[in-house]
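Summary of structural features
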Amino acid sequence: GNQFEGGIGEMVGIGNFGGVVSLRAWVIGNYFYNYARQGLNPNLVQAKIIGNQFYLGNGGIEAGVSDLMIHGNDFFTLTGGGISIAAANHASVQGNTFRTVITNNPGSAVYAIVVAAQGTGNPSSDGQISGNIFNNSSTFGNQIAIALAPGTPTPATPNARWTISH
C-alpha cells in the first residue's frame, strides 16, 4: 500500500471535488499518518476500504457512499472520531479496531463510529456494524462508541434499518 503523511487537509478524497463522480474505489492496505483533517473521504457509488491504518490525525474516514464496505482497519490516536458515514445505503462496518480515537475533548459528543442522515429525505439505510473493537483510554464523558444520528436539518431525517451486533 501507500503511505500518506503530513497533510494539512484530508489525505485522500475520491469523488468529492466536483467534476465526474467516480463509480468505484478500493482502498486497501494503506497507512495514513499525521494529518490535520480526514485520512480518507470517499464520495462515490461503491467503496471498499480494507486493512488500512489511520494514525495521528483528526478523523479516519468520512464517507458518503452507497455500497460501502469498511472492514479490518485500525484507527489509533486520533483527535476526532474514527468513521463518519452520511447518506449511505447498504454499508458494512466490520472488524475494525479503535484505540484512543478521541484524544481531545471538544465539549460536545464525539463518536468512534457515527452514522447520520444528510439533508431532508436522505437517510443512511440498510447497514450493519459488527465485530469492531473499541479500546479508548481517554476519560471524557462525551465519548460514544457508536451513534446513529438523525442529521442536522429541521426536520431531521431518521436513519433506517441498521443492525448493530457482536
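Here we summarise the structure given alongside this text. Predicted model only: the values in this text are computed from it and were never measured. (Residues numbered from 1 in each chain as written. Predicted model: local features only at pLDDT ≥ 70, side-chain atom pairs only at ≥ 80, totals over all residues. Heavy atoms only, no water.)

This part is about the pairing of strand β15 (residues 125–130). Note: strand β12 (residues 89–94) against β15, 5 bridges, orientation parallel. When the bridges of β15 are listed, A91 appears paired with G127. Alignment of β15 against strand β18 (residues 160–165), held across 5 bridges, turns out to be parallel. Pairing of S130 across the sheet is with S165, part of β18. (Pairing = 2+ DSSP bridges. Helix = DSSP H or I, 4+ residues; strand = E, 2+ residues; numbered from the N terminus.)

With the rule as written, the count across this model stands at 8 aromatic pairs. A centroid spacing of 5.0 Å and a plane angle of 10° characterise the contact between F98 and F134, whose relative ring orientation is stacked. With F98 in strand β13 (residues 97–99) and F134 in strand β16 (residues 133–135), the pair connects residues that are 36 residues apart, well separated along the chain. When its relative accessible area of 1% is taken as the criterion, F98 is described as buried. What makes F134 partly exposed here is its relative accessible area of 34%. A connected cluster of aromatic rings, assembled from ring pairs, spans F4, F32, F54, F75, F98 and F134. (Phe/Tyr/Trp six-rings, centres within 6.5 Å; stacked < 30°, edge-to-face > 60°. Buried < 20%, exposed > 50% of the residue type's maximum accessible area, 1.4 Å probe, protein only.)

Our focus in this paragraph is the sheet that holds strand β4 (residues 31–33). One open sheet accounts for 6 strands, arranged β1-β4-β7-β10-β13-β16; its pairing is parallel. For this open sheet the edge positions go to β1 (3–5) and β16, each flanked by a neighbour on one side alone. Neighbouring strand axes in the sheet, compared pairwise and without regard to direction, differ in orientation by 5° on average. Where β4 lies against strand β7 (residues 53–55), 3 bridges are found, and the strand directions are parallel. When the bridges of β7 are listed, F32 appears paired with F54. (Axes fitted to C-alpha atoms, helices over the stretch in contact; angles between N-to-C directions.)

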